[in-house]
Amino acid sequence: MSLRNVPDNMCPIATEYTTMLTGDWRALRPIVDRDRCVKCATCWLYCPVQCVVEKAAWFDFNYDYCKGCGICAEECPHRAIKMVEEAEG
Ligand code: SF4
Ligand code: SF4
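Owing to the predicted nature of the structure, the values given are computational and were not obtained by experimental measurement. (Residues numbered from 1 in each chain as written. Chains lettered and ligands numbered in written order. Predicted model: local features only at pLDDT ≥ 70, side-chain atom pairs only at ≥ 80, totals over all residues. Heavy atoms only, no water.)

## Some points on the overall build of the protein
Of regular secondary structure, the protein possesses two helices and six strands. Secondary structure elements of the protein occur, N-terminal to C-terminal, as β-β-β-α-β-β-α-β. Buried positions account for 30% of the 89 residues belonging to the protein. (Helix = DSSP H or I, 4+ residues; strand = E, 2+ residues; numbered from the N terminus. Buried < 20%, exposed > 50% of the residue type's maximum accessible area, 1.4 Å probe, protein only.)

## With respect to the site of ligand 1
Taken together, the neighbourhood of ligand 1 is formed by 13 residues, with Cys 37, Cys 40, Ala 41, Cys 43 and Cys 76 sitting nearest. The residue makeup of the shell around ligand 1, split by class, is 10 nonpolar, two polar and one charged. (Near = heavy atom within 4 Å. Nonpolar A, V, L, I, M, F, W, Y, C, P; charged D, E, K, R; others polar.)

## Let's talk about the pattern of salt bridges
If charged atoms from side chains of opposite charge come close, those side chains can pair. This model, assessed by the stated rule, comprises four salt bridges. Here the salt bridges do not stand alone but share partners, grouping Arg 26, Arg 29 and Glu 86 into one network. (Salt bridge = Lys/Arg side-chain N within 4 Å of Asp/Glu carboxyl O.)

## Section: the packing of aromatic side chains
A full pass over the atoms with the stated rule returns one aromatic pair. Ring centres of Phe 61 and Tyr 63 lie 6.4 Å apart, and the angle between their planes is 45°; this geometry places the pair in the tilted category. The buried category is assigned to Phe 61, whose relative accessible area is 7%. One Lys or Arg, Arg 29, reaches over the ring of Tyr 63 and ends 4.1 Å from the middle of that ring. (Phe/Tyr/Trp six-rings, centres within 6.5 Å; stacked < 30°, edge-to-face > 60°. Lys NZ or Arg CZ within 6 Å of the ring centre and 35° of its normal.)

## Notes on the nonpolar core
Core analysis: the largest hydrophobic core is formed by 17 residues, its most contacted members being Val 32, Cys 43, Cys 51, Val 52, Phe 61 and Ile 81. For this core, the secondary-structure elements that each account for two or more residues are β5 (59-61) and α2 (71-75). Those residues in contact with Ile 81 that lie beyond four places of it in its chain are Pro 30, Ile 31, Val 32, Cys 43, Phe 61, Cys 72, Ala 73 and Cys 76. (Core = buried A, V, L, I, M, F, W, Y, C linked by side-chain atoms within 4.5 Å. Contact = heavy atoms within 4.5 Å.)

## Some details on the site of ligand 2
With respect to spatial proximity, 14 residues lie near ligand 2, and among them Cys 47, Cys 66, Cys 69, Gly 70 and Cys 72 are the closest. Taken together, the residues that form the shell around ligand 2 break down as 11 nonpolar, two polar and one charged.

## Examining the environment of Phe 61
Mapped onto the elements, Phe 61 comes out in strand β5. Sequence separation between Phe 61 and Cys 47 is 14 residues, and the spatial gap between their C-alpha atoms is 9.8 Å. Ignoring any residue separated from it by four or fewer positions in sequence, one finds Phe 61 in contact with Pro 30, Ile 31, Val 32, Cys 51, Val 52, Val 53, Cys 72 and Ile 81.

Here it is in C-alpha cells:
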C-alpha cells in the first residue's frame, strides 16, 4: 500500500499501519450544542484525527476515534462545543 492510498482511519507509523481507534483512556469528550452550531466547519478543519462528522444541521464527533484533546472546543468561534467528563457523556 502506498502512502497516497492510506485510508482515513489508519495511521502510517514506520512501515506498519495501525488503526487509530481510541481506547478507554479518554478522559473528556466533546459535546456540541446544536442550537449554537452554525455549521462553519472550523472544528472539522482543526481536529487532528479527522473525527468530526457532518450532520444535517450541525457537526458531531465520531467517538470511536476522538481523542478528547479539546482543540475543537477551543477553536469553535461560536462556543458551541463543551468538553465533559467521560462519565457524564
Ligand atoms: S466550529 Fe462550532 S459552530 Fe462551527 S461547525 Fe463546529 S461546532 Fe459548529
Ligand atoms: S476533542 Fe480533539 S479529537 Fe475529539 S473531535 Fe475535538 S479536536 Fe477532534
